[in-house]
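# Results of the structural survey
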Amino acid sequence: MRVVLTIVGEDKVGITAKVSNALADMNINIININQNIMQGFFNMVLIADMAKANVTLAAARSTMAELGKEIGVEIRLQSEEIFTAMHRI
């Protein structure tokens, strides 16, 4: 299953490193990353594959939300199907 992870918040050192390390710990493979920083705000959209993950989607979502709180950004993780359905015009 593919998932979409979004991050929004004030830019600071280590966001990408901490997120990618957390995903690696859960054996979630990063497929694509798009990130930018605008006037001090960090924004990332990441697509990942959970086919070989060692956690459930719910557990990964909880882990990433907690990490977001720790580093002061908002992190959301959802299935690609849900993300796509929510963002159709």
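Each remark here, short or long, concerns the structure printed above.
A brief structural summary. Each chain has its residues counted from 1, following the order in which its sequence is written. The predicted nature of this model means local features are confined to residues of pLDDT at least 70 and side-chain atom pairs, given and counted, to a pLDDT of 80 or more, with totals for whole chains, interfaces and linings taken over all residues. Side-chain figures throughout are based on the complete set of non-hydrogen atoms in the structure, without hydrogens or water.

## Some points on the nonpolar core
Core analysis: the biggest nonpolar cluster contains 22 residues, and L5, I7, V19, L23, M64 and I75 have the highest contact counts within it. Segments assigned H or I by DSSP are reported as helices when at least four residues long, segments assigned E as strands when at least two residues long, and all are numbered from the N terminus. Elements represented by at least two residues in this core include exactly β1 (2-10), α1 (15-25), β3 (41-49), α2 (57-71) and β4 (73-79). Here this core takes five residues from α2, the largest share from any one element. Only heavy atoms matter for contacts: two residues are in contact if any of them lie within 4.5 Å across the pair. Apart from the residues lying within four places of it in its own chain, the contact partners of I75 are L5, T6, I7, V19, M64, A65, L67 and G68. The term nonpolar core refers to a set of buried residues drawn from Ala, Val, Leu, Ile, Met, Phe, Trp, Tyr and Cys, joined through side-chain atoms within 4.5 Å. When accessible area is computed with a 1.4 Å probe and restricted to protein chains, residues below 20% of their type maximum are described as buried, those above 50% as exposed, and intermediate ones as partly exposed.

## Regarding the packing of α1 against α2
A fitted line through C-alpha atoms serves as each axis, taken over the contacting stretch for helices, and the angle formed by two N-to-C directions is quoted from 0 to 180°. Packing of α1 against α2 leaves a shortest axis separation of 11 Å and a crossing angle of 155°. Comparing their axes, α2 and α1 come out roughly antiparallel. Two packed elements cross with a definite hand, and for α1 against α2 that hand is right-handed. Contact residues: I15, K18, V19, A22 and L23 in α1; M64, L67 and I71 in α2. Residue composition of the contact of α1 with α2, grouped by class: seven nonpolar, no polar and one charged. Put simply, angles under 35 degrees are roughly parallel, angles over 145 are roughly antiparallel, angles from 65 to 115 are roughly perpendicular, and the rest are oblique. Crossing chirality is assigned from the near helix's rotation relative to the far helix, an anticlockwise turn below a right angle marking it left-handed and a clockwise turn marking it right-handed. Residue polarity is assigned by list, with Asp, Glu, Lys and Arg as charged and Ala, Val, Leu, Ile, Met, Phe, Trp, Tyr, Cys and Pro as nonpolar; anything else, Gly included, falls into the polar class.

## Some words on the pattern of salt bridges
Any carboxyl oxygen of Asp or Glu that lies within 4 Å of a side-chain nitrogen of Lys or Arg is treated as forming a salt bridge with it. For the structure on display, the rule yields two salt bridges. Between E66 and K69 there is a salt bridge whose closest N-O contact spans 3.8 Å. With E66 and K69 both in helix α2 and three residues apart, the pair spans about one turn of that helix. Across the pair R76 and E74 runs a salt bridge whose closest N-O atoms are separated by 2.5 Å.

## Here we look at the pairing of β3
Here β3 shows a clear split, with F42, M44, L46 and A48 buried on one side and none of F41, N43, V45, I47 and D49 buried on the other. Note on pairing: two strands pair once DSSP finds at least 2 bridges between them. As paired strands, β1 and β3 are joined by nine bridges and run antiparallel to one another. The partner of L5 across the bridge, within β3, is L46. Two elements, strand β2 (residues 29-38) and β3, share nine bridges in a ladder whose sense is antiparallel. Each residue of the ladder has a partner; that of I37, found in β3, is F42. What sits between the antiparallel neighbours β2 and β3 is a turn of two residues, in which Q39 has the positive phi angle 50°.

## Looking at the sheet that holds β2
Judged by pairing direction, the sheet is antiparallel, and its four strands sit side by side in the order β2-β3-β1-β4 without closing on themselves. Pairing within the sheet leaves two strands with one partner each, and these edge strands are β2 and β4. In this sheet, adjacent strand axes meet at a mean angle of 10° when their direction is disregarded. α1 rests against β1, β2, β3 and β4 of the sheet, and its axis sits at about 150° to β1.

Geometric descriptors of this kind do not, in isolation, establish any biological role.
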